[in-house]
Amino acid sequence: MLPEGLYKRRKNHNNTPPTVLLVLTNCIVLALLIQAFTGCTSINNFFWVAIAALALYNVYTIRRNPDEYNRINVIIYIGSLAFMVFLFFYFSSQPRNC
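Structural notes, computed from the coordinates.

About the cut-offs
- Residues numbered from 1 in each chain as written.
- Predicted model: local features only at pLDDT ≥ 70, side-chain atom pairs only at ≥ 80, totals over all residues.
- Heavy atoms only, no water.
- Helix = DSSP H or I, 4+ residues; strand = E, 2+ residues; numbered from the N terminus.
- Patch = residues over 30% accessible without salt bridge, like charges linked within 9 Å, V, L, I, M, F, W, Y side chains within 5 Å.
- Areas by Shrake-Rupley, 256 points an atom, 1.4 Å probe, with all protein chains shown as cover.
- Salt bridge = Lys/Arg side-chain N within 4 Å of Asp/Glu carboxyl O.
- Buried < 20%, exposed > 50% of the residue type's maximum accessible area, 1.4 Å probe, protein only.
- Contact = heavy atoms within 4.5 Å.
- Core = buried A, V, L, I, M, F, W, Y, C linked by side-chain atoms within 4.5 Å.
- Expected span 1.5 Å × (residues − 1).

### What to know about the environment of Gln 35
Then, in step 1: Along the chain, Gln 35 falls in helix α1 (residues 18-37).
Then, in step 2: When the C-alpha positions of Gln 35 and Phe 91 are compared, they lie 8.3 Å apart, and in sequence the two are 56 residues distant.

See below:
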């Protein structure tokens, strides 16, 4: 038999913090957008629209969970944004078969 309070100990049956989910979502979406919408010589306009939508999602998530973003989480979030900018320039500078 299962203990009575087994499912009450876990908050919403989800132990992943929203900050980690936001960083992972940003990285996955950016990687997919870079591969799909950046060409050898130009960047598709839909790429910038999708980046704007991702930025709105970030604002919404941060406003929805303000208590999760203490100083350490903000530093991690800003570091992940800087890493994503680095990935954009790295992937765009790699040779491609055009």
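Back to the text.
### Considering a nonpolar patch on the surface
Then, in step 1: Nonpolar side chains collect at one region of the surface, where Val 20, Leu 24, Ile 28 and Leu 32 lie side by side and expose about 380 Å² of accessible area between them.
Then, in step 2: Leu 32 sits in the exposed class, given a relative accessible area of 57%.

### Topic: the side chain of Thr 19
Then, in step 1: Position of Thr 19 relative to the elements: it lies in helix α1.
Then, in step 2: The contact partners of Thr 19, leaving out residues within four places of it in the chain, are Glu 68, Tyr 69 and Asn 73.

### Some remarks on the nonpolar core
Then, in step 1: One finds Leu 30, Leu 33, Ile 34, Phe 47, Ala 50, Met 84 and Phe 88 forming the largest nonpolar core, which totals 7 residues.
Then, in step 2: Elements represented by at least two residues in this core include exactly α1, α2 (45-64) and α3 (71-93).
Then, in step 3: With 3 residues, α1 is the single largest residue contributor to this core.
Then, in step 4: Discounting residues that sit within four places of it in the chain, Phe 88 has contacts with Ile 34, Thr 38, Ile 43 and Phe 47.

### Overview of the environment of Ala 55
Then, in step 1: Examined against the element boundaries, Ala 55 turns out to sit in helix α2.
Then, in step 2: Residues Ala 55 and Asn 26, spaced 29 residues apart in sequence, show a C-alpha to C-alpha distance of 9.0 Å.

### A short note on α3
Side chains of residues three or four places apart in an α-helix project in the same direction, reflecting 3.6 residues per turn.
Then, in step 1: Compared with the 33 Å implied by 1.5 Å per residue over 23 residues, the 33 Å span of α3 between its first and last C-alpha is a close match.
Then, in step 2: Taken as a whole, α3 has its buried residues at Asn 73, Tyr 77, Ser 80, Met 84 and Phe 88.
Then, in step 3: Considering only its buried residues, α3 is in contact with α1 and α2.

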